[in-house]
Structures are given as structure tokens and as C-alpha cells.
Amino acid sequence: MMKLAVLAAAASSAAAFAPAQQGRLSTAVNGYENELGVIAPTGFFDPLNLSKNISKEKFDEYRTAELKHGRVAQLAVIGYIVPEITRANYDFIPGKLSTADIPNGVAALEA
């Protein structure tokens, strides 16, 4: 009886170290998993299901809008950073207000 208990304990402990079965989680929706920009670890990433039940044309429209808005955001960041690095000194209002008198960033709101 003792041998059977030791054998059962050894078999169950060996199973604890076996690799676990992992299921494949897919977030692909409507066959967009082969689109440009899909990366291997996450696949097609659409956590809010915005592309669910839409046509290919609507998907392309969303993709175009995403690119456009991303580019505008990048330009906005550059527009915020460049004045911090360089200073253009000219009269904003001739004879009254020079750009050298206006501070950069949020401090300009209080000036």
C-alpha cells in the first residue's frame, strides 16, 4: 500500500512540471489579420471592436484617418518642442510686443 501511495505521489508531482497547454488567443476580426501593421505578439489589435461588421472600404477609411491624425499629432509635438530649443526674436506687435517678451509653453498663458 505504501508503494502505491509513493508511486501516485511521484506521478502527480511529475505532471506539475509538464508544460501547460496554451490555447491561441486571437483578436482578429473580419479577416484583417493580414493587414499592414499587424504585429506578431498581439495580432490585429482592436480592443473596442470598432472594425466589427464593417466593410473593407470603411476599414481603409479608418486606417487613412488614423494615419492623418497621427501625422498631425506629430507636427503638433514638433510645434511645441521647436520654440523651446530656438527663439525667433521679432516684433509680434510692431513697437509694442516682441517675441522675446513672451515665455515659452504654458507660462505664455500667464504672461
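Fair warning: this is a prediction, and the values are worked out from it, not measured in the lab.

Q: Break down the confidence of the model for the protein chain for me, citing the residues and quoting the values.
A: Looking at the protein chain, the pLDDT average stands at 78 and 74% of residues meet or exceed 70. When the elements of the protein chain are averaged for pLDDT, helix H1 (residues 2-16) gives the smallest value, 64, and helix H2 (residues 56-85) the largest, 91.

Q: Lay out a nonpolar patch on the surface with the relevant residues and their values.
A: Judged by side-chain polarity, Val77, Tyr80, Ile81, Ile85, Val106 and Leu109 come together as a nonpolar surface patch covering roughly 670 Å² of accessible area. Checked against the element boundaries, Val106 lands in the segment after strand S2 (97-98).

Q: So, the layout of surface pockets: which residues are in play, and what are the values?
A: Roughly 420 Å³ of internal volume is contained in the largest pocket. In terms of lining residues, the largest pocket is bounded by 14 residues, among which Phe44, Phe45, Phe59, Arg63 and Glu66 are the most central. For the lining of the largest pocket, a count of residues per class yields eight nonpolar, three polar and three charged.

Q: Could you give an account of the pattern of salt bridges, with specific residues and numbers?
A: In the structure shown here, the tally under the stated rule is three salt bridges. A salt bridge links Lys56 to Glu35; the nearest nitrogen and oxygen atoms lie 2.5 Å apart. Taken as a pair, Lys56 in helix H2 and Glu35 in the loop between H1 and H2 lie far apart in primary sequence, 21 residues in all. With a shortest N-O distance of 3.6 Å, Lys58 and Glu61 are connected by a salt bridge. Pair noted here: Lys58 and Glu61 are both in helix H2, with a separation of three residues, about one helical turn. Lys58 gets classed as partly exposed once you look at its relative accessible area, which sits at 31%. Residue classification places Glu61 among the partly exposed residues on the basis of a relative accessible area of 46%. The network of salt bridges with shared partners includes Glu35, Lys56 and Asp60.

Q: Would you mind going over the packing of aromatic side chains in detail, with residue names and values included?
A: All chains considered together, the criterion is met by one aromatic pair. Taking 5.9 Å as the distance between ring centres and 55° as the angle between the ring planes, the aromatic pair formed by Phe44 and Phe59 counts as tilted. Highlighted residues: Phe44 in the loop between H1 and H2 and Phe59 in helix H2, separated in sequence by 15 residues. Here Phe44 and Phe59 have matching classes, each one buried.

Scoring rules and cut-offs
Residues numbered from 1 in each chain as written. Predicted model: local features only at pLDDT ≥ 70, side-chain atom pairs only at ≥ 80, totals over all residues. Heavy atoms only, no water. pLDDT = per-residue confidence, 0-100. Helix = DSSP H or I, 4+ residues; strand = E, 2+ residues; numbered from the N terminus. Patch = residues over 30% accessible without salt bridge, like charges linked within 9 Å, V, L, I, M, F, W, Y side chains within 5 Å. Areas by Shrake-Rupley, 256 points an atom, 1.4 Å probe, with all protein chains shown as cover. Salt bridge = Lys/Arg side-chain N within 4 Å of Asp/Glu carboxyl O. 1 Å grid on protein atoms, 1.4 Å probe; cavity = no way out; pocket = protein on both sides within 12 Å on 5 of 7 lines; lining within 4 Å. Points joined across faces, edges and corners; volume = space filled by probe spheres on them. Nonpolar A, V, L, I, M, F, W, Y, C, P; charged D, E, K, R; others polar. Buried < 20%, exposed > 50% of the residue type's maximum accessible area, 1.4 Å probe, protein only. Phe/Tyr/Trp six-rings, centres within 6.5 Å; stacked < 30°, edge-to-face > 60°.

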